[in-house]
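A structural walkthrough
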Amino acid sequence: MGISRRNFLSAAVTTGVGAAFMKRIPQIFPHTNAKEAAVSGIKLTYRRYELKLRHVFTISRSSKTVTPVIFADVTADGITGTGESSPNARYHEDASTVTAFLDRIDLSRYDDPFEREDILDYVAGIAPENTSAKAAVDIALHDWAGKKLGVPLYKLWGLDRNKVPVTSFTIAIDTPKVMQDKIREAEEYPIYKIKVGLDNDAEIMKAVREVTKKTLRVDANEGWKTKEVALERIKMLQDNGVEFIEQPMPAAQLSDIAWLKERVGIPIMADESVLSLYDIPKIAEAFDGINIKLMKSTGIREAMRMIHTARAFKMKIMLGCMIESSVGISAAAHLSPLVDYTDLDGNLLITNDPYTGLTLKDGRVIPGDGPGLGVVPREG
Ligand code: MG
C-alpha cells in the first residue's frame, strides 16, 4: 500500500521525526488540502510554525515560552495571499484543532477569491468556534485581493496609515524585579500594558511606578473572582494613574462587571467578554469599550463590522492581538487607523518572526506599503 504525499505529511506533523522534517523545509512541502488533480479553483495550503518568545509570557491563567501558529496560503490566478492563525486555549483552540478545521475547507469549489463574502460565509458555516482558523483564511483572502489589485489594504479601505494609534507594549506577569527590568528593556515604547490578576497586584504596581511615569494600561485577564476584590484593585490602579482596565472579571460575571462600572473612575474594556459582532449589544451596558482581536473575531471582515457596531454604542475601541508574527499583526495594523487604542505588540514579543514589513515608528506599528498585507518572508 502506497502512502500519498498528503498522508505522509499528515503523519509527519504528528510525529517527532516528522515534526523536525516539517520544521526544516516547511516552504518546500506545504501541507495541502486541495485535490492534487484540481486544475482550477482556489487552492488552500497551510504550514505550522513555532514562535519563540523573548521572555516567559505569563498572564493570570497561563505561562508559555513558545507558541504554535499556522500560516494559511490561498492561491489563485498565480497569486498567493497569506494569513495566520494563533490559536488560544481560552477559546478552545490549539494547533491540531486549527489544522483539522483547515482540512475541512474545500475552496476548489470557488474560482474567484474576490467572492470573499460568500467564501467566508461558507467557512463560518462549517463549524462554530475555530475563530483563529477562520481568521487565517479571512486574512489570506484579504492579502490576495490587495496583491491582485496591487494596493496595500489600508489604501483599499481609504485609510491614512500615519493615523495608527500608539501601541502599548505588554509587560507580562513576573516578579516585581523582573517586571522592572522588562520595562527598562522596553524603553522605546511610550505606553505599557501591565498584566495583573494574581495576588500581588499592589506590589507589582508599586514596582512599575518606581521605574516609569509613562501611560499604563492594565489587563487582569479575568483574574479577579469577586466584585469587591475587583473594586479594591481598580481603585488602587486609579491611584497609580492607570488609563483603563481590561477584563477585570470572568466573562460570565457580566452583572458584576456592570456593578463595577458604576463605581470606578476609569474605563473598563472588554476582551474575553467580546468575540464577535453579536456580543456587543449584550455587553454594552457593562463595559466602556471593547478589545477586538482578529483571532477572536474570525478575521478582518468581522472586525470591520464590530468597529462600526461598537461606534453605534458609543464604545471605545482597542485593536489587540495574540502572540502573532508580522502576518497577523499587519492585518490588524492596516485596520488600526479606525480605532482609538492599539495593543499590537505580538510580533515584538518574539525572536523568530518569519516575515517582515511592519515599521515601529514613535511607538506606532505602521503597516507596510507593499500590496495586500505588505509583508514578505524574511531572508534566510
Ligand atoms: Mg486582554
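Reference entry: report on the structure contained in this document. (Residues numbered from 1 in each chain as written. Predicted model: local features only at pLDDT ≥ 70, side-chain atom pairs only at ≥ 80, totals over all residues. Heavy atoms only, no water.)

This part covers the overall build of the protein. Broken down by element type, the protein carries 14 helices and 16 strands. Relative to its full complement of 380 residues, the protein shows a buried share of 57%. Taking as baseline every contact in the protein between residues at least 6 positions apart, the subset at least 24 positions apart corresponds to 66%. Per element, the accessible surface of the protein, about 16100 Å² overall, is 52% carbon and sulfur. (Helix = DSSP H or I, 4+ residues; strand = E, 2+ residues; numbered from the N terminus. Buried < 20%, exposed > 50% of the residue type's maximum accessible area, 1.4 Å probe, protein only. Contact = heavy atoms within 4.5 Å. Areas by Shrake-Rupley, 256 points an atom, 1.4 Å probe, with all protein chains shown as cover.)

Each aromatic ring pair is specified by the distance between its two centres and by the angle formed by the two planes. This structure, assessed with the given rule, holds six aromatic pairs. Ring plane angle 55° and centroid distance 4.9 Å describe the contact between phenylalanine 244 and tyrosine 341, whose orientation is recorded as tilted. Here the residue phenylalanine 244 occupies a position in the loop between helix H9 (227-239) and strand E8 (245-246), and tyrosine 341 occupies one in strand E12 (residues 341-342), the gap between them amounting to 97 residues. Accessibility classification places phenylalanine 244 together with tyrosine 341 in one group, the buried group. Within the aromatic cluster, the residues linked to one another by ring pairs are Tyr49, Phe71 and Tyr355. The ring of tryptophan 259 carries lysine 227 above its face, with NZ or CZ at 5.1 Å from the centroid. (Phe/Tyr/Trp six-rings, centres within 6.5 Å; stacked < 30°, edge-to-face > 60°. Lys NZ or Arg CZ within 6 Å of the ring centre and 35° of its normal.)

Expected angles at a metal are 109.5 degrees for tetrahedral coordination by four donors and either 90 or 180 degrees for octahedral coordination by six donors. Bound to the magnesium ion are the protein donor atoms Asp219 (OD), Glu246 (OE) and Asp271 (OD), situated 2.1 to 2.2 Å from the metal. Read in sequence order, the donor residues for the magnesium ion give the motif D-x26-E-x24-D. With aspartate 219 in strand E7 (residues 215-219) and aspartate 271 in the loop between strand E9 (268-270) and helix H11 (280-283), this residue pair connects regions lying 52 residues apart in the sequence. Taken as a pair, aspartate 219 and aspartate 271 share a single burial class, namely buried. (Donors = N, O, S within 2.8 Å, 3.2 Å for Na, K, Ca; no water.)

Once that is clear, we can look at the sheet that holds strand E5 (residues 168-171). Pairing in this open sheet of eight strands is parallel, and the strands run E5-E6-E7-E8-E9-E10-E11-E12 from one edge to the other. Lying at the two open borders of the sheet, with one neighbouring strand each, are E5 and E12. Two elements, strand E11 (residues 316-320) and E12, share two bridges in a ladder whose sense is parallel. By the bridge assignment for E12, methionine 318 is matched with tyrosine 341. Across the face of the sheet, helix H8 (residues 201-211) comes into contact with strand E6 (191-195) and E7 while running at roughly 160° to E7. (Pairing = 2+ DSSP bridges. Axes fitted to C-alpha atoms, helices over the stretch in contact; angles between N-to-C directions.)

With 19 residues, helix H5 (residues 131-149) extends 27 Å from end C-alpha to end C-alpha; this agrees with the ideal 27 Å at 1.5 Å per step. Of all the 19 residues making up H5, 16 are buried; the element is thus mostly covered by neighbouring parts of the structure. At the C-terminal side of H5, glycine 150 shows a positive phi close to 75°. (Expected span 1.5 Å × (residues − 1).)

On the surface, Phe114, Leu149 and Leu156 cluster together into a nonpolar patch covering about 260 Å² of accessible area. Assignment of secondary structure puts phenylalanine 114 in the loop between helix H3 (95-103) and helix H4 (116-126). (Patch = residues over 30% accessible without salt bridge, like charges linked within 9 Å, V, L, I, M, F, W, Y side chains within 5 Å. Salt bridge = Lys/Arg side-chain N within 4 Å of Asp/Glu carboxyl O.)

Quick look at the packing of helix H7 (residues 176-185) against H8 now. In contact at an axis separation of 9 Å, H7 and H8 are set at 35° when each is read in the N-to-C sense. Here H7 runs over H8; the crossing is right-handed. Between H7 and H8, the contacting residues are Pro176, Met179, Gln180, Ile183 and Arg184 on the first element and Glu203, Ile204, Ala207, Val208, Glu210 and Val211 on the second. For the contact of H7 with H8, the per-class residue count stands at seven nonpolar, one polar and three charged. (Left-handed = near helix turned anticlockwise from the far one by under 90°. Nonpolar A, V, L, I, M, F, W, Y, C, P; charged D, E, K, R; others polar.)

Moving on to the pattern of salt bridges. Evaluation of the coordinates by the stated rule reveals 27 salt bridges. Between arginine 161 and aspartate 369 there is a salt bridge; the shortest N-O distance is 3.8 Å. You can see arginine 161 sitting in the loop between helix H6 (153-156) and E5 and its partner aspartate 369 sitting in the loop between strand E15 (364-366) and strand E16 (376-377), a full 208 residues away along the chain. For aspartate 369, a relative accessible area of 41% puts it in the partly exposed group. For aspartate 343, the salt bridge identified is with lysine 193, shortest N-O distance 2.7 Å. Taken together, the residues aspartate 343 in the loop between E12 and strand E13 (355-356) and lysine 193 in strand E6 connect sequence positions 150 residues apart. Through salt bridges that share partners, Lys193, Lys195, Asp219, Glu246 and Asp343 make up one connected network.

Quick look at the side chain of serine 330 now. Here serine 330 is to be found in helix H14 (residues 326-335). What makes serine 330 buried here is its relative accessible area of 0%. Discounting chain neighbours no more than four positions away, the residues touching serine 330 are Leu358, Leu373 and Val375.

Judged by nonpolar contacts, the single largest core of 83 residues is most densely connected at Tyr192, Ile194, Ile245, Ile290, Ile300 and Leu335. Two domains each put at least three residues into this core: domain 1 (34-150) and domain 2 (155-377). Beyond its immediate stretch of four places on either side in the chain, isoleucine 194 contacts Ile171, Met179, Ile183, Ile204, Val208, Leu216, Arg217, Val218 and Asp219. Within the second largest apolar cluster, 28 residues are counted, among which are Ile42, Ala72, Leu102 and Ala140. (Core = buried A, V, L, I, M, F, W, Y, C linked by side-chain atoms within 4.5 Å. Domains from an automatic or database assignment.)

All we've got here are geometric facts, nothing functional implied.
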